[in-house]
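Each chain, written out:
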Amino acid sequence: MSIVRSNIFDPLSLDLWDPFQGFPFDSLRSISTANDTGAFVNARIDWKETPEAHVFKADLPGVKKEEVKVEVEEGRVLKISGERSREKEEKNDKWHRVERSSGQFMRQFRLPENAKVDQVKAAMENGVLTITVPKEKVKKPEAKAIDISG
């Protein structure tokens, strides 16, 4: 049985963020890239919410910050993409095993309404990309006293 979410404002909508991405059942996958080359395509990302911001952390070993692109597209969609180049092969090299992934990666997340998309910051340190999206303070509606007649 597959789960389908159609609310485009749902931050966990499966049309952008797929918690099952990388699992064997492809019917639930919704984001595909042109060149699926292995596990690196499914860059693992943590998303936590603090009282002040939404914080995304992506493990991108061997990727330089110049090879990563962070964008906020229309509809409040945070898009993280890039490519890890394959190591150059020398003529006299003899490879015994190749397990490290290379190729393109792309992940998208629909940001909630309280995200300040014009103040997004990104930093890369030791192969970890950290994206901070500040949150707007939610104003609590004031209670208004109503006179009771009669």
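Residues numbered from 1 in each chain as written. Predicted model: local features only at pLDDT ≥ 70, side-chain atom pairs only at ≥ 80, totals over all residues. Heavy atoms only, no water.

Labelled according to an unreviewed UniProt entry, the chain appears under the name Class I heat shock protein-like protein, originating from Carex littledalei. UniProt's Sequence similarities (unreviewed entry) comment on the chain is quoted here verbatim: "Belongs to the small heat shock protein (HSP20) family." (UniProt positions renumbered as here; feature names shortened; annotations may be inferred.)

Among the 7 residues in strand E2 (residues 53-59), 5 count as buried, and that is most of the element. Where strand E1 (residues 45-49) lies against E2, 5 bridges are found, and the strand directions are antiparallel. Along E2, the bridge assignment pairs isoleucine 45 with alanine 58. What sits between E1 and E2 in their antiparallel hairpin is a turn of 3 residues. (Buried < 20%, exposed > 50% of the residue type's maximum accessible area, 1.4 Å probe, protein only. Helix = DSSP H or I, 4+ residues; strand = E, 2+ residues; numbered from the N terminus. Pairing = 2+ DSSP bridges.)

Taken as a whole and assessed by the stated rule, the structure comprises 3 salt bridges. A salt bridge links lysine 135 to glutamate 49; its shortest N-O distance comes to 2.7 Å. Here lysine 135, found in the segment after strand E7 (128-134), pairs with glutamate 49, found in strand E1; they are 86 residues apart in sequence, far enough to count as distant. Given the relative accessible area of 15%, lysine 135 is considered buried. Its salt-bridge partner being glutamate 73, residue lysine 79 comes within 3.7 Å of it at the nearest N-O pair. Residue glutamate 73 is classed as partly exposed on the basis of its relative accessible area, which comes to 34%. (Salt bridge = Lys/Arg side-chain N within 4 Å of Asp/Glu carboxyl O.)

Phe56, Leu60, Val68, Ile80, Leu129 and Ile131 are the most contacted members of the largest nonpolar core, which totals 16 residues. For this core, the secondary structure elements donating two or more residues are E2, strand E4 (77-84), strand E5 (103-110) and E7. Among the elements that line this core, the one with the most residues is E7, at 3 residues. Setting aside anything within four residues of it in sequence, one finds phenylalanine 56 in contact with Ile45, Asp46, Trp47, Leu78, Phe109, Leu111, Leu129, Thr130, Ile131 and Val133. (Core = buried A, V, L, I, M, F, W, Y, C linked by side-chain atoms within 4.5 Å. Contact = heavy atoms within 4.5 Å.)

So, about the sheet that holds strand E3 (residues 68-73). On the basis of which strands lie adjacent, the open sheet formed by 3 strands has the order E3-E4-E5 and antiparallel pairing. Of all strands in the sheet, those with a lone pairing partner are E3 and E5, marking the two edges. Each neighbouring strand pair of the sheet contributes to a mean axis angle of 15 degrees, computed without reference to strand direction. Relative to E4, E3 is paired through 6 bridges, and the arrangement is antiparallel. In the strand pairing of E4, lysine 69 is matched with serine 81. (Axes fitted to C-alpha atoms, helices over the stretch in contact; angles between N-to-C directions.)

Overall, antiparallel pairing links the 4 strands, which are arranged E1-E2-E7-E6 in an open sheet. One side of each edge strand has no neighbouring strand; the edge strands of this open sheet are E1 and strand E6 (121-125). On average, each strand axis in the sheet is inclined to that of its neighbour by 15 degrees, with strand direction left out of account.

Moving on, we get to unusual backbone geometry. Glycine aside, the phi torsion of most residues is negative, and most peptide linkages are trans. Positive phi is not limited to glycine here, since asparagine 126 has a value of about 55 degrees. Along the chain, the position of asparagine 126 falls in the loop between E6 and E7. Overall, asparagine 126 belongs to the exposed group, its relative accessible area being 74%.

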